[in-house]
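What follows is each chain in one-letter form.
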Amino acid sequence: MARLWRPLLGVMDLSSISGVLAAEPGGGEGTGMHMPSIDELYPEPFWRIGTWFEFNRLDLVRLIAIGAVVLLVYLGARRTRMVPGRGQSTFELAVGFVHHQIAETAMPPAMARRYLPFIAWIFFSVLALNLTGVIPFLNVSSNALVAVPMILAVCAWIAFVAQGIRAHGAGHYFADALFPKGAPKIMYALLTPIELLSTFILRPVTLCVRLMANMIAGHFLLTAFFMMTSYLFLQASGLVKTVGILTSAASLVFVLFEIFVACLQAYIFALLTSVYIGLAKEEH
Amino acid sequence: MDLLAAISGNLNTIGYGLAAIGPGIGVGILVGKTQEAIARQPELRGSLMGTMFVGAGLAEALALFGLVVGFIWN
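Let me begin by describing the structure that accompanies this report. (Residues numbered from 1 in each chain as written. Chains lettered and ligands numbered in written order. Predicted model: local features only at pLDDT ≥ 70, side-chain atom pairs only at ≥ 80, totals over all residues. Heavy atoms only, no water.)

1. Some points on the overall build of chain A
And then number 1: Broken down by element type, chain A carries 10 helices and zero strands.
And then number 2: For chain A, the succession of helices and strands along the chain, N to C, is α-α-α-α-α-α-α-α-α-α.
And then number 3: Considering only intrachain contacts with a sequence separation of at least 6, the fraction spanning at least 24 residues in chain A is 70%.
And then number 4: Working note: accessible area of chain A is about 15200 Å², and carbon and sulfur atoms make up 72% of it. (Helix = DSSP H or I, 4+ residues; strand = E, 2+ residues; numbered from the N terminus. Contact = heavy atoms within 4.5 Å. Areas by Shrake-Rupley, 256 points an atom, 1.4 Å probe, with all protein chains shown as cover.)

2. Quick word on the nonpolar core
And then number 1: If you look at the biggest cluster of nonpolar residues, it comprises 64 residues, and the most contacted ones within it are Ile119, Phe123, Phe160, Phe269 and Ile277 of chain A.
And then number 2: Every element with two or more residues in this core is listed here: α4 (57-77), α5 (86-106), α6 (109-131), α7 (147-168), α8 (170-178), α9 (188-234) and α10 (243-282) of chain A together with α2 (45-72) of chain B.
And then number 3: Sorting elements by how many residues they give to this core places α6 of chain A first, with 14 residues.
And then number 4: Leave out the neighbours within four places in its chain, and Phe123 of chain A touches Phe97, Val98, Ile102, Ala266, Tyr267 and Ala270 of chain A. (Core = buried A, V, L, I, M, F, W, Y, C linked by side-chain atoms within 4.5 Å. Buried < 20%, exposed > 50% of the residue type's maximum accessible area, 1.4 Å probe, protein only.)

3. Focus on empty space enclosed by the protein
Residues and elements named next belong to chain A.
And then number 1: Under the definition given, this model contains one cavity of 30 Å³ or more.
And then number 2: One number sums up the size of the largest cavity: a volume of about 80 Å³.
And then number 3: The wall of the largest cavity is formed by Asn130, Leu131, Gly133, Val134, Ser141, Met215, Gly218, His219, Leu222, Glu258 and Ala262.
And then number 4: Those elements that provide at least two residues to the lining of the largest cavity are α6, α9 and α10.
And then number 5: When residues of the lining of the largest cavity are assigned to their parent elements, the largest contribution, four residues, is made by α9.
And then number 6: Of the residues that constitute the lining of the largest cavity, the class distribution is five nonpolar, five polar and one charged. (1 Å grid on protein atoms, 1.4 Å probe; cavity = no way out; pocket = protein on both sides within 12 Å on 5 of 7 lines; lining within 4 Å. Points joined across faces, edges and corners; volume = space filled by probe spheres on them. Nonpolar A, V, L, I, M, F, W, Y, C, P; charged D, E, K, R; others polar.)

4. Quick word on the packing of α9 of chain A against α2 of chain B
And then number 1: Where α9 of chain A contacts α2 of chain B, the axes come no closer than 8 Å and their chain directions differ by 70 degrees. Viewed along their axes, α9 of chain A and α2 of chain B adopt a mutual orientation that is roughly perpendicular. Here α9 of chain A runs over α2 of chain B; the crossing is left-handed. Mapping the contact onto sequence places Thr206, Val209, Arg210, Met212, Ala213, Asn214, Ala217 and Phe220 of chain A in α9 of chain A and Gly57, Leu58, Glu60, Ala61, Leu64, Phe65, Leu67, Val68 and Phe71 of chain B in α2 of chain B.
And then number 2: The residue makeup of the contact of α9 of chain A with α2 of chain B, split by class, is 12 nonpolar, three polar and two charged. (Axes fitted to C-alpha atoms, helices over the stretch in contact; angles between N-to-C directions. Parallel < 35°, antiparallel > 145°, perpendicular 65-115°, else oblique. Left-handed = near helix turned anticlockwise from the far one by under 90°.)

5. Observations regarding the pattern of salt bridges
Residues and elements named next belong to chain A.
And then number 1: Taken as a whole and assessed by the stated rule, the structure comprises two salt bridges over all chains.
And then number 2: Here Asp59 ties to Arg62 by a salt bridge, and the two come within 3.0 Å at their closest N and O atoms. Placement of both Asp59 and Arg62 in helix α4 is noted, with a separation of three residues, approximately one turn of the helix. Each member of the pair, Asp59 together with Arg62, is buried.
And then number 3: Here Asp176 and Lys181 are joined by a salt bridge, their closest N and O atoms 3.3 Å apart.
And then number 4: Given a relative accessible area of 17%, Asp176 falls into the buried group.
And then number 5: Overall, Lys181 belongs to the exposed group, its relative accessible area being 63%. (Salt bridge = Lys/Arg side-chain N within 4 Å of Asp/Glu carboxyl O.)

6. Quick notes on the layout of surface pockets
All names here are of chain A.
And then number 1: Considering only enclosed or pocket space, the largest pocket measures out at about 550 Å³ in volume.
And then number 2: What lines the largest pocket is a set of 19 residues, among which Val69, Leu72, Ala94, Phe124 and Leu127 lie closest to the centre.
And then number 3: Only α4, α5 and α6 provide two or more residues apiece to the lining of the largest pocket.
And then number 4: Partitioning the lining of the largest pocket into residue classes produces 16 nonpolar, three polar and no charged.

That is the geometry; function is a separate question.
So this is what it looks like as structure tokens:
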């Protein structure tokens, strides 16, 4: 177990942000500014090394985030009553947001109710995994790797195709989606590949890449500013140090911005999933 | 041959800069139009903001593709 927790406690060695601090304690021989690179998202595994289930820092962060969601949902929904307590009403507020602001804006009420667990699952998972990017000592969002966004996007893809097949039957659904009505026959040579690409391939791909790229960009942005601050304070000379005040203020602003982005991406992922499911129902 | 100018480094950064132009314009138009719409009908603020965020997500994705592609062909 100790091996499991070491990377979290010994975050000074492993976290990208304090990497500079650990490497140059007290600003001895400065090696210049160290800028973030994509390799940081692939840290060395520290558990089950050499097996298929290698466990690295990002997996640990992922487990912590999902554990937090499970715990919060358990605490919120443990004893549901007609007159909710504080915990339950907060939980109801969150689920109500997903229900009314996300699911119901994209599909009819009965359907929104049926899909609420799925949409809420997507929303809270994405939100929790995104927010680890700004939580101190975790400092990385595991959504910056393709795995989780891809799985969520594939689930969304299966959900809207299944909804379309259920609502119209397989033949009708694919025929309507690939051969839009009202177009002259000859145009199908052009339209069908475009529809195939945009509906069945680009939708899940954009869902996945949007989330992943946002998290990569956010991680680099924050790391770059933290590292610049650390470099300026510890290694720069004389008056240049004062620029560090500026970059540390900017990093604070960007942390707030990243919190906004984390919530926005969770909202967009959940909303687009419900929009796609709603469209699959409507297409005819 | 005399060398007049030399560039070192990676063109990917310039590529990403180019990739960010279009989505930048797109998000600008989007937010501006939403502002206009909210000014005309403040009571629709909620739903307008919702669709604006979705549109911003779609436009922004293009810029982020640029970021990802820059890493793929590094």
